[in-house]
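Fold and contact review
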Amino acid sequence: SGIGKHTQCPTQEQIDAERQARQDRISAERRQGGSGGGGRLDSDRIVVDVEGRVGLRSELMGRYVHDKRSGETVNYKPLFERKAPGGKTYYLYGTNTGVWMLTDDHAHLAKNLGYISSRGSVTKARLPMGLQFKIASESLDGWINDDAITSTLVRVTLPPANKANASGGSGAGGGGGAGSVSE
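Rules behind the numbers
Residues numbered from 1 in each chain as written. Predicted model: local features only at pLDDT ≥ 70, side-chain atom pairs only at ≥ 80, totals over all residues. Heavy atoms only, no water. Helix = DSSP H or I, 4+ residues; strand = E, 2+ residues; numbered from the N terminus. Contact = heavy atoms within 4.5 Å. Areas by Shrake-Rupley, 256 points an atom, 1.4 Å probe, with all protein chains shown as cover. Polar contact = N/O pair within 3.5 Å; in protein donor to acceptor, adjacent residues only side chain to side chain. Pairing = 2+ DSSP bridges. Core = buried A, V, L, I, M, F, W, Y, C linked by side-chain atoms within 4.5 Å. Buried < 20%, exposed > 50% of the residue type's maximum accessible area, 1.4 Å probe, protein only.

Observations regarding the overall build of the protein chain
Helix and strand counts for the protein chain stand at one helix and eleven strands. Reading the secondary structure of the protein chain in the N-to-C direction produces α-β-β-β-β-β-β-β-β-β-β-β. Taking the intrachain contacts of the protein chain between residues at least 6 apart in sequence as the baseline, contacts between residues at least 24 apart amount to 45%. Accessible area for the protein chain stands at about 10400 Å²; split by element, carbon and sulfur atoms hold 49% of it.

Some details on the environment of serine 139
With respect to the element layout, serine 139 can be found in the loop between strand E9 (133–136) and strand E10 (143–146). In terms of polar contacts, serine 139 uses its side chain to reach the side chain of aspartate 141, at 2.6 Å.

Remarks on the pairing of E9
Bridge count for strand E8 (residues 116–118) against E9 is three bridges, and the pairing is antiparallel. Each bridged residue has a counterpart across the sheet, and for serine 117 the counterpart in E9 is lysine 134. One ladder, built from four bridges, connects E9 with E10; its direction is antiparallel. Across the sheet, lysine 134 pairs through a bridge with asparagine 145, a residue of E10. From the end of E9 to the start of E10, which pair antiparallel, there are six residues, and leucine 140 there has a positive phi angle of about 60°.

Focus: the nonpolar core
Membership of the largest hydrophobic core comes to 20 residues, with the highest contact counts inside it found for Val50, Tyr64, Phe80, Leu92, Leu102 and Ile116. The element contributing the most residues to this core is strand E1 (residues 45–51), with three residues. The contact partners of valine 50, leaving out residues within four places of it in the chain, are Met61, Gly62, Tyr64, Leu92, Leu102, Ile149, Thr150 and Ser151. If you look at the next biggest cluster of nonpolar residues, it comprises seven residues, including Val74, Tyr91, Val99 and Met101.

Listed below in structure tokens is the structure:
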């Protein structure tokens, strides 16, 4: 099992350089429309920042956006995407086992695979925020807890009541109380 294996630790200088590069990348994504047109967040998007990982799997850090207009979901939870400079797409999605997962491969979504996972079953977590995470080991044979990774809701704006679905139904499961994001 690779969980107990250690690789050479990066120096503080390498950690600081990677952290600065990641912040520069996030800033560039925000300027290039990762947060909506003109740097503004619009009401048709839910935005989550995933931050804190340095080293292995740090390329998965950044701003993830769910476009509510497309309504794209995976396992009845919103699918979040991050388009990196250069065209690569990263995904943040809810698995059918109740955890949130980050990956760079769209095929992983149907297989509950990824490289960073929330810890424990968080089935009731409708949005991926305030969770604890773990990363897949370099050899992909185990998981390593990483308390530095955070997921923060940047902004969510729900449509006013008069813009509700024309179907008029209350949706599966009824309820639909405050904080519901499904449309």
